[in-house]
Amino acid sequence: MSKESKYSIPTQLIYGEAGSTDWDYSDHVIPPLTRTSTYRLRSAERGASGFDAIGKEGDKNSEDKRIYIYGRMADPNKVMLADAIARAEEGEVAVMFATGMAAVHAAVTFPLTQKANKIISHSTIYGCSYSLFTTWFKKMGIHVDFCDLKKPDSFLDLVDEHTRVLYLESPANPTLDLLDLPEITKLVAEINKSRSEENKILTVMDNTFATPYCQRPITMGVDVVLHSLTKGLSGFGTELGGAVVTRKEFNGDLVLHRKDFGGDMSPSTAWHIHAYGIPTLSLRVPKQIANAQKIAQFLEDHPEVEQVFYPGLESFPQYELAQKVLKDYDGNFAPGFMIYFTIKAASPEASKERGKKIMNYIADNAYCITLAVSLGQLRTLIEHPGSMTHLAYSAEEQIKAGIHPGGIRLAVGIESVDDVIKDLDTAIKTS
Ligand SMILES: *Cc1c(COP(=O)(O)O)cnc(C)c1O
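Residues numbered from 1 in each chain as written. Predicted model: local features only at pLDDT ≥ 70, side-chain atom pairs only at ≥ 80, totals over all residues. Heavy atoms only, no water.

### Things to note about the sheet that holds strand E6 (residues 224-228)
Strand order in this open sheet of seven strands is E1-E7-E6-E5-E4-E2-E3, and the pairing throughout is mixed. Bordering the open sheet on either side are strand E1 (93-97) and strand E3 (143-147), each of which pairs with just one other strand. With direction set aside, neighbouring strand axes in the sheet form an average angle of 20°. Bridge analysis of E1 against strand E7 (residues 242-246) gives five bridges, and the strand direction is antiparallel. Bridged to Phe97 within E7 is Gly242. Contacting E1, strand E2 (118-122), strand E4 (163-169), strand E5 (202-206), E6 and E7, helix H4 (residues 100-109) runs over the sheet at an angle of about 165° to E6. (Pairing = 2+ DSSP bridges. Helix = DSSP H or I, 4+ residues; strand = E, 2+ residues; numbered from the N terminus. Axes fitted to C-alpha atoms, helices over the stretch in contact; angles between N-to-C directions. Contact = heavy atoms within 4.5 Å.)

Written as structure tokens, this is what we have:
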């Protein structure tokens with residue numbers, strides 16, 4: 001990574017390396033998509049050497065060579081994408097997974113041991129992560145406690161000798177809660193001073209909503225960052241993928257986790273994200289931020305809107321923190337492209353009904369807002385977390401987690417912003 005360091009990260013995300021160090025693609029302006037499930041091993045000895053290297057540093061053998069064996073272990077497209085994503089997050093290594101959920105699973109389970117198997121999580125997180133923690137982990141005897149980490153020291157009372165992972169999501173889905181990463185990681189470091197290596201608490205963070213363009217948690221002391229690449233990093237809405245970014249020392253565990261649990265990414269997905277998603281990140285996200293800022297302002301001024309949560313608004317409850325943690329590669333404030341808002345109504349139930357009406361109106365009539373889950377695409381998407389993405393939370397749990405019954409989530413795209421506002425305005429007025 002060092003030879004390019006005099007160039008800005010957005011430039012490096014376009015150029016990267018002209019191939020993996022093992023296969024020379026320097027004559028290709030865009031590296032080829034390789035499609036093979038298995039690789040010629042040439043001799044039994046070379047095959048054995050390749051197997052021996054899996055999970056070792058950079059999957060390299062004693063001659064510092066990567067020997068490709070089988071797609072689920074490594075392929076050139078995944079290796080090149082991993083290099084680009086590690087660069088974007090300012091981390092040392094990245095490991096690619098089939099989906100964001102495969103990445104969540106790997107990132108929180110690889111550090112666990114029979115003794116150190118407890119997780120503490122922020123209370124407001126992506127619905128399927130919540131369901132993984134509260135349904136499947138519960139069955140497996142992995143204990144997860146939840147607390148509101150908007151107050152950074154709120155986890156301290158829950159920590160015991162078995163605690164191994166502190167799970168963060170910020171901006172949180174869907175409320176856009178922000179977490180004070182420098183403060184939280186400082187508190188964890190303090191606890192870790194007296195712990196042995198295998199019992200240290202690791203901070204694991206889902207950075208999907210921000211994308212590395214707006215927030216780089218590793219630079220603020222977070223140990224492990226994960227992404228649903230399906231969202232802003234792939235950017236065009238054509239791929240499903242996940243990534244875990246961390247220090248070299250954890251590369252082996254993550255590669256072996258993927259090998260054995262099997263949540264691997266296909267080379268075709270890796271190629272698309274590497275050829276289209278990553279190089280255009282710093283083109284797409286600033287436009288989305290500019291649009292989101294204008295839409296949030298429009299909603300805030302709208303007489304029918306009760307409250308707008310957007311980190312770029314001065315009225316955002318954590319506006320000061322937003323300016324501290326959400327920054328682009330040049331250090332400018334980068335409040336992202338997600339908006340959460342509520343409509344005025346006499347009661348929470350009425351607000352839910354009105355929210356539904358707005359979404360149905362949009363589904364039937366809007367040209368440039370689509371009723372759909374997911375985010376970080378060229379198109380603006382709208383959804384109702386209370387009945388869609390966060391259904392895994394019971395009604396009571398939703399209220400505890402700050403998820404409003406009528407809350408509407410908007411994932412802003414790159415359209416001409418006045419057109420989006422026009423569709424939104426008509427939908428609110430009509431519903
Ligand atoms: C979508 C999403 C995930 C899950 O990613 P998939 O690629 O759909 O598996 C995890 N976390 C957040 C914040 C998400 O938005």
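### Topic: the side chain of His105
Within the element layout of this structure, His105 appears in helix H4. Residue His105 is classed as buried on the basis of its relative accessible area of 18%. (Buried < 20%, exposed > 50% of the residue type's maximum accessible area, 1.4 Å probe, protein only.)

### Here's the deal with the sheet that holds strand E12 (residues 408-411)
Strand order in the open sheet formed by five strands is E8-E9-E12-E11-E10, with mixed pairing between adjacent strands. Where the open sheet ends on each side, the last strands, each with one partner, are strand E8 (305-309) and strand E10 (370-371). Of the pairings in the sheet, the one linking E10 to strand E11 (residues 381-383) comprises two bridges and is parallel in character. Bridge pairing in E11 links Leu371 to Ile382. Sitting on the sheet, helix H10 (residues 281-301) touches E8, strand E9 (338-343) and E12, and the angle it makes with E9 is about 10°.

### Some points on the nonpolar core
Formed by 119 residues in total, the largest nonpolar core has its most connected members in Tyr167, Ile295, Leu299, Ile339 and Leu424. Excluding residues within four positions of it along the chain, Ile339 makes contact with Leu176, Ala292, Ile295, Ala296, Leu299, Val308, Phe309, Tyr310, Ile408, Arg409, Leu410 and Val412. (Core = buried A, V, L, I, M, F, W, Y, C linked by side-chain atoms within 4.5 Å.)

### Some points on helix H6 (residues 181-192)
Relative to the 16 Å expected for twelve residues at 1.5 Å per residue, H6 spans 16 Å between its end C-alpha atoms, a close match to the ideal helical length. When we look at burial in H6, the residues that qualify are Leu181, Ile184, Thr185, Val188, Ile191 and Asn192. Buried residues of H6 fall within an arc of 115° about the axis and therefore sit on the same side. For H6, the exposed residues set more than 90 degrees away from the buried face come down to Lys186 and Glu190. Close packing links the buried residues of H6 with E4, E5 and helix H11 (319-325). (Expected span 1.5 Å × (residues − 1). Arc of directions from axis to C-beta.)

### Some thoughts on the domain arrangement of the chain
Reports often express the size of an interface as the amount of accessible area lost when the parts come together. With domains assigned, the chain is organised as domain 1 (70-277) and domain 2 (281-430). Of note, the centres of domain 1 and domain 2, computed from C-alpha atoms alone, are 25 Å apart. Contacts between domain 1 and domain 2 engage 39 residues on the former and 40 residues on the latter. Between domain 1 and domain 2, roughly 3200 Å² of surface is buried when both sides are summed, and carbon and sulfur atoms account for 63% of that area. Applying the counting rule to domain 1 against domain 2 returns one salt bridge. With a shortest N-O distance of 3.1 Å, Lys324 and Asp180 are connected by a salt bridge. At the junction of domain 1 and domain 2, the tally comes to eleven residue pairs in polar contact (both at pLDDT 80 or more). (Domains from an automatic or database assignment. Buried area = accessible area lost by both parts, 1.4 Å probe. Salt bridge = Lys/Arg side-chain N within 4 Å of Asp/Glu carboxyl O. Polar contact = N/O pair within 3.5 Å; in protein donor to acceptor, adjacent residues only side chain to side chain.)

### Quick look at helix H8 (residues 251-261)
Those residues of H8 not exposed but buried are Asn251, Gly252, Leu254, Val255, His257 and Arg258. Each element contacted by the buried residues of H8 is listed here: helix H3 (76-89), E1, H4 and E7.

### With respect to the site of the ligand
Near the ligand lie 14 residues; those nearest to it are Gly100, Asp206, Ser228, Thr230 and Lys231. Between the ligand and Asp206 there is a distance of 2.6 Å, counted from a nitrogen atom to a side-chain nitrogen or oxygen. Ser228 places a polar side-chain atom, nitrogen or oxygen, 2.8 Å from an oxygen atom of the ligand. Protein coverage of the free-state accessible area of the ligand, which is 380 Å², stands at 93%. Class assignment of the residues belonging to the shell around the ligand gives a composition of four nonpolar, seven polar and three charged. (Near = heavy atom within 4 Å. Areas by Shrake-Rupley, 256 points an atom, 1.4 Å probe, with all protein chains shown as cover. Nonpolar A, V, L, I, M, F, W, Y, C, P; charged D, E, K, R; others polar.)

### Comments concerning the pattern of salt bridges
Charged atoms that come close allow side chains of opposite charge to pair. Tallied over the full model, the rule gives 21 salt bridges. We note a salt bridge from Glu353 to Lys356, for which the minimum N-O separation is 3.6 Å. Of this pair, Glu353 and Lys356 are both found in helix H12 (residues 348-365), three residues apart, which corresponds to roughly one turn of the helix. A single salt-bridge network, built from bridges that share partners, covers Asp75, Lys78, Arg258 and Asp264.

### With respect to the packing of aromatic side chains
Using the criterion set out here, one finds ten aromatic pairs in the structure. Ring-pair connections join several aromatic residues into one group, and the members of that group are Phe133, Phe137 and Tyr167. (Phe/Tyr/Trp six-rings, centres within 6.5 Å; stacked < 30°, edge-to-face > 60°.)

### What about the packing of H4 against helix H5 (residues 127-140)?
The contact between H4 and H5 brings their axes to 10 Å, and the two run at 55°. Comparing their axes, H5 and H4 come out oblique. As for the relative orientation of H4 and H5, their crossing is right-handed in sense. Within the contact between the two elements, H4 uses Met101, Val104, His105, Val108 and Thr109 and H5 uses Cys128, Ser129, Leu132, Phe133 and Phe137. (Parallel < 35°, antiparallel > 145°, perpendicular 65-115°, else oblique. Left-handed = near helix turned anticlockwise from the far one by under 90°.)

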